[in-house]
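Commentary on secondary and tertiary structure
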Amino acid sequence: MSQRTWDNQPRPARLEERLDDDVVRCHLSPRNCRIRPGQHGFCMVRANRDGRLVTLNYGRSVHATEETIETEAVFHYAPGARILSMGNVGCMLNCDYCHNWKTSQARHVEDKDVYHYTPEEVVDIAVRHGIKVISWTYNDPVVWHEFVVETAALAKAAGIVNLYKSAFFISGEAIEELIPVIDIFSVSIKSLDPKYYRKITKGWLEPVLEGTEQVFRAGKHVEVSTLMVTDLSDDETTAREMATFVGERLSPDVPTHFVRFHPDYKMTDTIRTPVDRLERARKIALDMGLNHVYLGNVYDTESTNTWCHRCGQLQITRYGLNADLVGLDRDGACVGCGARAPIVLLPDARSRTRVPELPAEGLDLARFDWHGDVRALHVQVRNTSDAPVRAYHRRYGDPAAEQSWQVIDLAPQESFRYIAAKSTAGEVGVQVAVPSQCTSSLHQVFDRAHFPTVEASAGTLNEDVSPLPLFQPRTRS
């Protein structure tokens, strides 16, 4: 086995308390880990080096990936916007069903899955590709605190919106450092049952709820979601407790998402959440007074759409990870009654150059057909030349849908990754066209985006199994 190198360049960490005997305490999360020299905290990416708190994952990331804002359980801010998703290594929790376990649990991380970025490089990627939102996501951005704060400030100065997708097991002190630079908080509340939190996530509940209230009181855009795990948290009690928390401690206007689970990590001996249970949870929350309740990781349901709360006008239709504005004017007012929608619009956040036809020659074509519940794909393209090139992709199979090709402009030697998700019921799959100077690979994604992925040729075709490496628990010899 090759030696691990991704964590061999420690950087000074924030939120340090120095104790006697060169011991340090980390105040990033509610754990307040007390760390002796040479040791790590729970997250395994913050450590004590010579009596000082350091971070081991500064600038260490999975591949930067263009996605849509709907992947982050955000429906009321820039619907359909393209985002640049950035994820890292480590986590303050260890959820038994984690969809990102290969990166969230640092001991499983391999050098081949880690990329190195500077704050300037992240902002430059977004600017060059016309992306208006950077999302701090995947494993969980809490443990990337120093890099997130510094890069988000740089992005904000460049006019880019910052989105923080997190389980939010974080200290109030750390939240205060995020508030000036983060615009959107999408908080994953795993359950309202304290025993569930301790057993399944290895954390505890109240700091998550307090932190969510903290950013809501600060006037930030907040949306909350709950993963409805089959036969564990997909019941009416979870729905009622979530509705109570949102309605009483936040606001009935806060968008709330009930998200479909798929088996992963240590919880593979089960099935996907039955959709009728999700629909029931949504109805309960609406009946209890919440105004905007959605389902996540589902297709072919109206429970992902947005209607005007005043007149019932259909305002936004969604299919999977795609959104279309059908009942809002350019100023965000309902076309039915003129009421201002509780939705932030971001001009030009959706646009990418399109062409009706491909160039006549010099391109290699590949395609991927949707199958079972695999209806999203990461496409990775690398320009191996020293000159700019163009790659292309489109969805195909539905004559009524957009037939033009989206253009991906690549800088010399640039590696770029983006998501393509099924956008209509009749769509068959994705076509990709790349010039000979490029290498490319297709990676199956199950539901919302996650890391790592596997190439399509290596993935499973079983519709109810995540196309990911399987977790193999260690056995004692």
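These figures come from a predicted structure and were not determined experimentally.

1. A few points about the packing of aromatic side chains
If you walk through the whole model with that rule in mind, you get 13 aromatic pairs. Ring centres of Tyr-97 and Phe-261 lie 6.4 Å apart, and the angle between their planes is 80°; this geometry places the pair in the edge-to-face category. Of this pair, Tyr-97 sits in the loop between strand S9 (82–86) and helix H1 (101–104) while Phe-261 is found in the loop between strand S15 (256–260) and helix H8 (275–287), placing the two residues 164 residues apart along the sequence. A relative accessible area of 0% means that Phe-261 is categorised as buried. Lying over the aromatic face of Tyr-58, Arg-11 brings its terminal NZ or CZ to 3.9 Å of the ring centre. Sitting over the ring of Phe-42, Arg-31 keeps its end group 3.6 Å from the ring centre.

2. Re the sheet that holds S9
One open sheet holds the 11 strands; their spatial order is S16-S15-S14-S13-S12-S11-S9-S8-S25-S22-S27, and the pairing between them is mixed. Either end of the sheet is taken by a strand with one partner, and the two such strands are strand S16 (293–296) and strand S27 (438–445). The average angle at which neighbouring strand axes cross in this sheet is 25°, direction not considered. Examined bridge by bridge, strand S13 (residues 184–188) and strand S14 (residues 221–228) share 5 bridges and lie parallel to one another. Bridge assignment links Val-187 to a residue of S14, and that residue is Val-224. Contacts between helix H2 (residues 119–128) and the sheet are confined to S9, strand S11 (133–136) and strand S25 (415–421), with S9 contributing the most and set at about 160° to the helix. The sheet strands contacting helix H7 (residues 236–249) are S14 and S15, and the helix crosses S14 at an angle near 170°.

3. Notes on the environment of Val-222
Looking at the element boundaries, Val-222 is found in strand S14. Assessed through its relative accessible area of 5%, Val-222 is described here as buried. The spatial distance from the C-alpha of Val-222 to the C-alpha of Asp-253 is 9.9 Å, given a sequence separation of 31 residues. Residues within four places of Val-222 in sequence aside, it is in contact with Phe-185, Thr-212, Val-215, Phe-216, Val-254 and Pro-255.

4. Section: the confidence of the model for the protein
The predicted model of the protein has a mean per-residue pLDDT of 90, with 92% of residues at 70 or higher. Below a pLDDT of 50 lies the segment residues 458–467, which in the model reaches 25 contacts outside its immediate sequence neighbourhood of four places, other chains included.

5. Focus: the layout of surface pockets
For the largest pocket, the calculated volume is near 740 Å³. Lining the largest pocket we find 34 residues, and of these Asn-322, Arg-354, Arg-395, Gln-406 and Ser-423 sit closest to its centre. Those elements that place two or more of their residues in the lining of the largest pocket are strand S8 (65–68), strand S18 (314–319), strand S19 (322–325), strand S23 (389–396), strand S24 (405–410) and S25.

6. What about the sheet that holds strand S17 (residues 306–307)?
Overall, antiparallel pairing links the 3 strands, which are arranged S17-S18-S19 in an open sheet. Edge positions in the sheet fall to S17 and S19, since each of these pairs with one other strand and no more. Judged from the 2 bridges that link them, S17 and S18 form a sheet pairing that is antiparallel. From the neighbouring strand, Thr-306 faces S18, where its bridge partner is Ile-316.

7. What to know about unusual backbone geometry
With phi around 60°, Asp-50 is a residue other than glycine that occupies positive phi space. Here Asp-50 shows up in the loop between strand S5 (46–49) and strand S6 (52–55). A positive phi is found at Tyr-138, a non-glycine position, where the angle reads about 65°. Note on placement: Tyr-138 falls in the loop between S11 and helix H3 (145–157).

8. Describing the side chain of Glu-67
Relative to the elements of secondary structure, Glu-67 occurs in strand S8. It is Arg-417 that comes nearest to the buried, bridge-free Glu-67 among opposite-charge side chains, at 7.3 Å. Engagement of the side chain of Glu-67 in a polar contact is seen with the side chain of Ser-85, the distance being 2.6 Å.

9. Topic: the pairing of S8
A two-sided burial pattern is seen for S8, the buried positions comprising Thr-65 and Glu-67 on one face and Glu-66 and Thr-68 on the other. Looking at chain direction, S8 and S9 are connected through 4 bridges and run antiparallel. Residue pairing for S9: Glu-67 is matched across the bridge by Ile-83. Bridge count for S8 against S25 is 2 bridges, and the pairing is parallel. Bridge pairing links Glu-66 to Tyr-418 in S25.

Conventions adopted
- Residues numbered from 1 in each chain as written.
- Predicted model: local features only at pLDDT ≥ 70, side-chain atom pairs only at ≥ 80, totals over all residues.
- Heavy atoms only, no water.
- Phe/Tyr/Trp six-rings, centres within 6.5 Å; stacked < 30°, edge-to-face > 60°.
- Helix = DSSP H or I, 4+ residues; strand = E, 2+ residues; numbered from the N terminus.
- Buried < 20%, exposed > 50% of the residue type's maximum accessible area, 1.4 Å probe, protein only.
- Lys NZ or Arg CZ within 6 Å of the ring centre and 35° of its normal.
- Pairing = 2+ DSSP bridges.
- Axes fitted to C-alpha atoms, helices over the stretch in contact; angles between N-to-C directions.
- Contact = heavy atoms within 4.5 Å.
- pLDDT = per-residue confidence, 0-100.
- 1 Å grid on protein atoms, 1.4 Å probe; cavity = no way out; pocket = protein on both sides within 12 Å on 5 of 7 lines; lining within 4 Å.
- Points joined across faces, edges and corners; volume = space filled by probe spheres on them.
- Lys, Arg positive; Asp, Glu negative; His and termini not counted.
- Salt bridge = Lys/Arg side-chain N within 4 Å of Asp/Glu carboxyl O.
- Polar contact = N/O pair within 3.5 Å; in protein donor to acceptor, adjacent residues only side chain to side chain.

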